[in-house]
Amino acid sequence: MVSQELLDLLVCPACKSKVKLVQEAWLACQNPDCRRKYPIRNDIPVMLIEEGDKYRDVSVENLGTS
Ligand SMILES: [Zn+2]
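Residues numbered from 1 in each chain as written. Predicted model: local features only at pLDDT ≥ 70, side-chain atom pairs only at ≥ 80, totals over all residues. Heavy atoms only, no water.

*Asks:* Would you mind showing me how to read the coordination of the zinc ion here?
*Replies:* The reference angle at a metal is 109.5 degrees if four donors form a tetrahedron and 90 or 180 degrees if six donors form an octahedron. Donor atoms from the polypeptide that bind the zinc ion are Cys12 (SG), Cys15 (SG), Cys29 (SG) and Cys34 (SG), placed at 2.2 to 2.3 Å. The sequence motif formed by the donor residues of the zinc ion is C-x2-C-x13-C-x4-C. Residue Cys15 is located in the loop between helix 1 (4-9) and strand 1 (19-22), and its partner Cys29 is located in strand 2 (residues 26-29); the two are separated by 14 residues in the primary sequence. Judged by relative accessible area, Cys15 falls into the partly exposed class, the value being 26%. A relative accessible area of 7% means that Cys29 is categorised as buried. (Donors = N, O, S within 2.8 Å, 3.2 Å for Na, K, Ca; no water. Helix = DSSP H or I, 4+ residues; strand = E, 2+ residues; numbered from the N terminus. Buried < 20%, exposed > 50% of the residue type's maximum accessible area, 1.4 Å probe, protein only.)

*Asks:* How should the pairing of strand 3 (residues 37-41) be read in this particular structure?
*Replies:* Side chains on a regular strand alternate between the two faces of the sheet. Most of strand 3 sits out of view: four of its five residues are buried. Alignment of strand 2 against strand 3, held across three bridges, turns out to be antiparallel. If you follow Ala28 over to strand 3, its bridge partner there is Lys37. Bridge analysis of strand 3 against strand 4 (residues 44-45) gives two bridges, and the strand direction is antiparallel. Note on strand 4: the bridge partner recorded for Ile40 is Pro45. Once strand 3 ends, the chain turns through two residues before running back antiparallel as strand 4, passing Asn42 with a positive phi of about 55 degrees. (Pairing = 2+ DSSP bridges.)

Everything listed here is a matter of coordinates, which is why it stays silent on function.
Given below as structure tokens:
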């Protein structure tokens, strides 16, 4: 589980927008022009631009589990 306090601190490393927790397994950037999604692995959000890039074109519904 990622704590709400941590979520409140996290921003997309690419565009500095807020991110939203999705399916307890992803953090989705809320900027519609960015759309990067960052996986949470072993309760650690992987906030790397290159990770987010991989899932830009995957819709939130299709992310599944990281
Ligand atoms: Zn972003």
